[in-house]
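Results of the structural survey
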Amino acid sequence: PAASSGDAPLLVPDVRSVCGLAAGVSHSAALSAKGRLWMFGDNGDGQLGLGDGGARRISGPQRVPALVSVKVRTVACGGFFTAAVVAGGGMVTFGANECGQLGHGGREAERAPRLVRALEGTPIAQVACGACHLVALSETGALHVCGRNGDGELGTGDLVG
């Protein structure tokens, strides 16, 4: 019988020329060479970036509506959130935010991509996510962090929830 439960590699349809990928606890991202971002999986916290009308679960790749006309350079998935660096070096984040990991200065979840205003004017080259924290590398080599720091994962020299 054909594998359908994921116990053997399966081909994801309708996604071509993938050059980047990321996965969270129960969501996935695929990035094409042309900067197109596809998301699929659990959307319970808005981590697929589909906005308020987004379904709870998406079983096939779907473009992020707010990013259709934007070239995405790189993507990272945390536990239940996503971060993407767009053309020009801006960074958008969306999904769960219980630890402040989205970098917007609060703890409200974001169901659609939102630009991290605190990094405006600081072009971001790379982003990585942990379960509840985010690490962004600027084009000048500076490191920017946000989110949970209970185990020192932010590297700031202190331990804060």
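Rules of the game
Residues numbered from 1 in each chain as written. Predicted model: local features only at pLDDT ≥ 70, side-chain atom pairs only at ≥ 80, totals over all residues. Heavy atoms only, no water. 1 Å grid on protein atoms, 1.4 Å probe; cavity = no way out; pocket = protein on both sides within 12 Å on 5 of 7 lines; lining within 4 Å. Points joined across faces, edges and corners; volume = space filled by probe spheres on them. Helix = DSSP H or I, 4+ residues; strand = E, 2+ residues; numbered from the N terminus. Contact = heavy atoms within 4.5 Å. Pairing = 2+ DSSP bridges. Axes fitted to C-alpha atoms, helices over the stretch in contact; angles between N-to-C directions. Salt bridge = Lys/Arg side-chain N within 4 Å of Asp/Glu carboxyl O. Buried < 20%, exposed > 50% of the residue type's maximum accessible area, 1.4 Å probe, protein only.

The next thing to look at is the layout of surface pockets. The space that makes up the largest pocket amounts to roughly 170 Å³. Together, V12, V15, V18, L21, A22, A23, S28, A29, A30 and F40 line the largest pocket. Elements with a contribution of two residues or more to the lining of the largest pocket: β1 (18-23) and β2 (27-32). Ranked by residues supplied to the lining of the largest pocket, first place goes to β1 with four residues.

It is worth spelling out the side chain of T93 at this point. Relative to the helices and strands, T93 is located in strand β7 (residues 91-95). Excluding its chain neighbours within four sequence positions, the residues that come into contact with T93 are T82, A83, L102, H104, E110, A112, P113, R114, V116 and L134.

Taken together, three strands build an open sheet; the order of strands is β9-β10-β11 and the sheet is antiparallel. At either end of the open sheet lies a strand with only one pairing partner, and these are β9 (124-129) and β11 (143-147). Averaged over all pairs of adjacent strands, the angle between strand axes in this sheet comes to 15°, irrespective of strand direction. In terms of strand pairing, β9 meets strand β10 (residues 133-138) through five bridges, oriented antiparallel.

Moving on, we come to the sheet that holds strand β3 (residues 37-42). In a beta sheet, neighbouring strands pair by backbone hydrogen bonds and run either parallel or antiparallel. Strand order in this open sheet of four strands is β1-β2-β3-β4, and the pairing throughout is antiparallel. Bordering the open sheet on either side are β1 and β4 (57-63), each of which pairs with just one other strand. Going across the sheet, the axis of each strand differs from the next one's by a mean of 10°, ignoring polarity. Both β3 and β4 contribute to a ladder of four bridges, which runs antiparallel. Of the residues in β4, the one forming a bridge with M39 is Q62.

Turning our eyes to something else, we now look at the pattern of salt bridges. Evaluated as defined, the whole model comprises six salt bridges. The shortest N-O distance in the salt bridge between E139 and R73 comes to 3.3 Å. Of this pair, E139 sits in the loop between β10 and β11 while R73 sits in strand β5 (residues 72-77), placing them 66 residues apart in sequence. Taking relative accessible area as the criterion, E139 reaches 47% and is therefore assigned partly exposed. Between D151 and R148 there is a salt bridge, with its nearest N and O atoms 3.1 Å apart. Among the charged side chains, a network of salt bridges with common partners joins R148, D151 and E153.

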